[in-house]
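Inside the fold
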Amino acid sequence: MAKKTEEEVKELETEEKKEVKEPEVTSEQVKTTDEMKQQIFDEIHDDVINKIKEDLNKHFDSEYTNEIKERVSNEITADIKEKIKKEDDRNSRRKTFKIIRLYIYLFLMVWVAIYLIVVLYTGEKINLFVPTINLTSSTTTESTSSTSTTTTTTTTTTRSQEWYKEQYGHLVNDFKTTNLDILKNGMSVEALNSVNRLSLVVDNLKAEDIAQESIIYTISEETIQNKFTELFGEHIPYEATNFSNQGLSYAYSETGKNYIAVGEKKTPAYKVIYNIKNISAGKDSLVITTYVALLKDNNIYNINDLENSLGEYTDNISDYLASLSTVKFFFKGDTTYYLDSILKQ
């Protein structure tokens, strides 16, 4: 075979090159590639965005947390300071009150001390309670201070028993009771219950104070209250309640403001009579010692023995005093006296 010329070789190479063609790229392949790029982009984008968000969240969370901590810390500190200030103010007021109270106590103690010194210096008598009265006329005393040349003269007037009996004898002579246990065993007004107090009040009412229509008895509450205060004073509390007296059961009516009883009244067969033995006065107090006798069927009886008569009553019990029991009536007050207690001797 003859050798090919150079031109023929070139033509052959050109034809081979023409035969080798580059692969064609279709639209579907291009679309797939774009989607892959977009997907990769989306994945990278999401990761980047999430990373950025996470970093931002951490940053802001840290700042927000620090801000909250600082705010809460400031509020707590302010609250604690406010509470401490209030507690200090409260303690300050308490201390001030205690100091004022201490000054008041000191002032009272100094005043009492000065009063006692003046009383002792002037020679006046401090009489808290006088159990007996000395039957003497006026006495004159002189007291001279060792540190002063001033001489003070005081005059003390002693009242006679006749004067006391005339002034205060009615407190016992007008006292009535149908409850003999009060005279036999004694009593304290404060210890008495409201039922016994009201019964004692009715014992000391006048006949005209109790309205009667056949077997119906009515007492106004005002009448009860006035006599209650007259006997016991305002320091003993009045209480409206039902009670019994001389066989009658009194019921309190809130509507009528009165006490009503229905039945037959049982009048005691005896009468209590007194003979005052002695009266002694103290500061805001009065003690009356008296003989007590019971008068029944015109005969005299000892209050503790209603069976054996001491003798016939002739408007004078002086002959029987040695056989009678004595009772002490204690009263409280200054110019007006109220029954406080009764003590059997």
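Note: the structure precedes this text.
Computed from a predicted model, the values in this text were never measured in an experiment.

A look at the pairing of strand β13 (residues 325–333)
Here strand β10 (residues 285–296) pairs with β13 via eight bridges, running antiparallel. Across the sheet, residue T289 finds its bridge partner in β13, namely K328. Pairing geometry for β13 and strand β14 (residues 337–344), over seven bridges, is antiparallel. Residue pairing for β14: K328 is matched across the bridge by L343.

Overview of the pattern of salt bridges
Summed over all chains, the structure comprises three salt bridges. Measuring nitrogen to oxygen at the nearest pair gives 3.3 Å for the salt bridge that ties K227 to E230. Of this pair, K227 and E230 are both found in helix α7 (residues 221–232), three residues apart, which corresponds to roughly one turn of the helix. Residue class for K227 comes out buried when judged on its relative accessible area of 15%. Between E254 and K257 there is a salt bridge, with the nearest N and O atoms lying 2.7 Å from each other. With a relative accessible area of 41%, K257 lands in the partly exposed category.

Here's the deal with unusual backbone geometry
The backbone phi angle of K257 is positive, close to 55°, even though this residue is not glycine. Phi is positive for D315, which is not a glycine, with a value near 60°.

Details of helix α3 (residues 161–168)
Spacing of three or four residues puts side chains on the same side of an α-helix, whose turn is 3.6 residues. Buried within α3 we find Q161, Y164 and Y168. Take α3 and look down its axis: the buried residues cluster within an arc of 60°, on one side only. Exposed and facing more than 90 degrees away from the buried side of α3 are E162 and E166. Structurally, α3 contributes buried residues whose contacts are with α4 (170–173), β9 (271–282), β10 and β14.

Calculation criteria
Numbering of residues starts from 1 in each chain and follows the order in which that chain's sequence is written. Where totals are concerned, whole chains, interfaces and linings use all residues; where local detail is concerned, this predicted model gives features only for residues with pLDDT of at least 70, and gives and counts side-chain atom pairs only at 80 or more. Think of the side-chain values as coming from all heavy atoms in the structure, minus any hydrogens and water. Strand pairing is assigned whenever DSSP detects at least two bridges linking the two strands. A run of DSSP states H or I qualifies as a helix once it reaches four residues; a run of E qualifies as a strand once it reaches two. Both are numbered from the N-terminal end. Any carboxyl oxygen of Asp or Glu within 4 Å of a side-chain nitrogen of Lys or Arg constitutes a salt bridge here. Note on classification: 1.4 Å probe, protein chains only; a residue is buried when its accessible area is under 20% of the maximum for its type, exposed when over 50%, partly exposed between these limits. Think of the arc as the fan of directions from the helix axis to the C-beta atoms. It only takes one pair of heavy atoms within 4.5 Å for two residues to be counted as in contact.

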